[in-house]
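Architecture at a glance
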Amino acid sequence: MGVKIASSDSIENGVPESVTIRINGQEHQVPCVEGQTIFNAAMRSKLEPPASCVGGVCGTCMAKLVEGRVEMENFDAMHDEDFKRKHVLTCQAVLLSKTAVVDYDAC
Ligand code: FES
């Protein structure tokens, strides 16, 4: 059982296609398929997102969900404040919307 997080209630669901990743002051749009984590999508596109445990425990991979809808299986590293700020663990977050935008620089 996971947790769903949306950046807005008006975001529509859809088959995932891409995720826009803001990191180190740059923005990259990378392909993202159903069931693929944002972290894996970033790695496949040769980005180097921060990560350590890749298991939802450490919080190193945290980014702000600016747009879109995601679901996370494990979120042990998340605190109430993180949920309020729409932060997500990118090593766990899979898209539930067609597109999403995450910002590592905002965490
Ligand atoms: S890398 Fe540790 S929670 Fe994502």
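Structure: above.
The paragraphs below set out a description of the structure included in this document. (Residues numbered from 1 in each chain as written. Predicted model: local features only at pLDDT ≥ 70, side-chain atom pairs only at ≥ 80, totals over all residues.)

Moving on: the overall build of the protein. In terms of regular secondary structure, the protein is built from two helices and eight strands. The globule rule puts the C-alpha radius of gyration for 107 residues at 13 Å, and the 12 Å found for the protein is close to it. For the protein, the C-alpha atoms occupy an extent of roughly 30 × 30 × 25 Å along the three principal directions. Here the protein holds 107 residues, and 31% of them are scored as buried. (Helix = DSSP H or I, 4+ residues; strand = E, 2+ residues; numbered from the N terminus. Rg over C-alpha atoms; globule rule 2.2 N^0.38 Å. Buried ≥ 20, exposed ≤ 12 C-beta atoms within 10 Å, placed from the backbone.)

Note on sheets: strands pair through backbone hydrogen bonds, and any given pair is parallel or antiparallel. Read across the sheet, five strands follow the order 3-2-8-4-6 without closing on themselves; strand pairing throughout is mixed. The sheet is open, and its two borders are formed by strand 3 (26-31) and strand 6 (87-89), each paired with just one other strand. Direction aside, neighbouring strands of the sheet carry axes that sit 35 degrees apart on average. Looking at chain direction, strand 4 (residues 62-67) and strand 8 (residues 99-103) are connected through three bridges and run antiparallel. Note that in strand 8 the partner of L65 across the bridge is V102. (Pairing = 2+ DSSP bridges. Axes fitted to C-alpha atoms, helices over the stretch in contact; angles between N-to-C directions.)

By size, the foremost hydrophobic cluster in this structure holds 24 residues, and its most contacted members are V19, I38, V70, V88, L89, L95 and V102. Looking at this core, the elements that each hand over two or more residues are strand 2 (18-23), helix 1 (38-44), strand 4, strand 6, strand 7 (93-95) and strand 8. Per-element accounting of this core gives the leading share, four residues, to helix 1. Once you skip the residues sitting within four places of it in the chain, V70 turns out to touch I5, L65, V88, A93, V94, L95, L96 and A100. (Core = buried A, V, L, I, M, F, W, Y, C linked by C-beta atoms within 7 Å. Contact = placed C-beta atoms within 7 Å.)

The next subject is the sheet that holds strand 1 (residues 3-6). Spatial strand order, 1-5-7: three strands in an open sheet with antiparallel pairing. Looking at which strands have only one partner, the edges of the open sheet turn out to be strand 1 and strand 7. Taken pair by pair, the neighbouring strands of this sheet meet at an average axis angle of 30 degrees, ignoring direction. In this sheet, strand 5 (residues 69-72) lies alongside strand 1 in antiparallel orientation, the contact comprising four bridges. When the sheet's bridge partners are listed, V3 is paired in strand 5 with M72.

Sheet analysis places strand 2 next to strand 3, joined by six bridges and oriented antiparallel. Across the sheet, I21 pairs through a bridge with H28, a residue of strand 3. Between strand 2 and strand 3, which follow one another and run antiparallel, lie two residues, and N24 among them has a positive phi close to 50 degrees. Relative to strand 8, strand 2 runs parallel, the two being bridged by five bridges. Within the sheet, the bridge partner assigned to V19 lies in strand 8 and is A100.

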